[in-house]
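# Geometric and topological summary
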Amino acid sequence: MLGSVAAACLLIGALAVPASATPAPASAPLPCGASGGMEIVQLRTFYVDVQIPKKTYRVGQTAIFNMTVTRPAHEDPLGNGIPVDPPQSEPAEGVSIGVGLIIDDVYLFGLGVTDTEGKSSIKVKLKSYTPAGMAQARAFAKKNVADSPCLVIDEIGYRPMPDAFKVIK
């Protein structure tokens, strides 16, 4: 009985597969190398500095994050955490930046782009449903430097802020 059910399933499966779904000949090239997939390379080349003007915000107020993005980063570009003290830093212009806030179980965010001096201010409104407590924040910076069908290269940087500021009701 079980053998006949399995045979019926195989027959239905074979009949349901259209002829166009047969595998390509072995000589057909794959679109992006041997794996056929896209490669994404992220280099940690940005240093992200964040200044928060206030240590306490009330629900309903707007938290301000004054950000400066420079390159090179103060660590190795492969993200291994090896500190590097660069001899000189240059402002990073036209970089997409953002801040994500977590307060208890609420997530809020703000976005921006750096100016010619690598600076921008991001404003995040503390919505009415935001609970009181300590805000954790993470600032990030990202700029796409190469984008092709098989390879994407991004410059990135981030700054975690576990105790960014206090939220009160």
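Note that the structure is a prediction, hence the values are computed from the model and not measured.

So, on to the pattern of salt bridges. When their charged atoms lie close together, side chains carrying opposite charge are able to pair. Throughout the structure, instances matching the rule amount to three salt bridges. When the shortest N-O distance is used, the salt bridge between Glu-75 and Arg-44 registers 3.1 Å. A residue pair is termed long-range when its members are at least 10 positions apart, and Glu-75 in the loop between β4 (62-71) and β5 (90-91) and Arg-44 in strand β1 (residues 39-44) qualify at 31 residues. Residue Arg-71 pairs with Glu-155 through a salt bridge whose shortest N-O separation is 2.9 Å. Placement of Arg-71 in strand β4 and of Glu-155 in strand β10 (residues 151-168) is noted, with a sequence separation of 84 residues between them.

In this description, an aromatic ring pair is defined by two values, namely the gap between the centres and the angle between the planes. Across all of its chains, the model carries three aromatic pairs by this definition. Here Tyr-57 and Phe-165 contribute two aromatic rings whose centre-to-centre distance is 4.9 Å and whose plane-to-plane angle is 70°, an arrangement assigned as edge-to-face. Here the residue Tyr-57 occupies a position in strand β3 (residues 56-58), and Phe-165 occupies one in strand β10, the gap between them amounting to 108 residues. Accessibility classification places Tyr-57 together with Phe-165 in one group, the buried group. Between the aromatic rings of Tyr-107 and Phe-109, the centroid separation amounts to 6.3 Å while the plane-to-plane angle is 25°, which identifies the pairing as stacked. Grouping residues by exposure puts Tyr-107 and Phe-109 together as exposed. Here a set of aromatic residues connected by ring pairs shows up, and it is made of Tyr-57, Phe-65 and Phe-165.

Residue classification places Glu-155 among the buried positions, given a relative accessible area of 12%. Of note is the side chain of Glu-155, whose polar atom sits 2.9 Å from the side chain of Arg-71. Excluding residues within four positions of it along the chain, Glu-155 makes contact with Leu-43, Thr-45, Phe-46, Arg-71, Ala-141, Lys-142, Lys-143 and Val-145.

Bringing the confidence of the model for the protein chain into the picture now. Averaged over all residues, the pLDDT of the protein chain is 84; the fraction at 70 or higher stands at 79%. Low pLDDT, under 50, characterises residues 1-20; the stretch is placed with zero contacts to residues that sit more than four places away or in other chains.

Rules used throughout
- Residues numbered from 1 in each chain as written.
- Predicted model: local features only at pLDDT ≥ 70, side-chain atom pairs only at ≥ 80, totals over all residues.
- Heavy atoms only, no water.
- Salt bridge = Lys/Arg side-chain N within 4 Å of Asp/Glu carboxyl O.
- Helix = DSSP H or I, 4+ residues; strand = E, 2+ residues; numbered from the N terminus.
- Phe/Tyr/Trp six-rings, centres within 6.5 Å; stacked < 30°, edge-to-face > 60°.
- Buried < 20%, exposed > 50% of the residue type's maximum accessible area, 1.4 Å probe, protein only.
- Polar contact = N/O pair within 3.5 Å; in protein donor to acceptor, adjacent residues only side chain to side chain.
- Contact = heavy atoms within 4.5 Å.
- pLDDT = per-residue confidence, 0-100.

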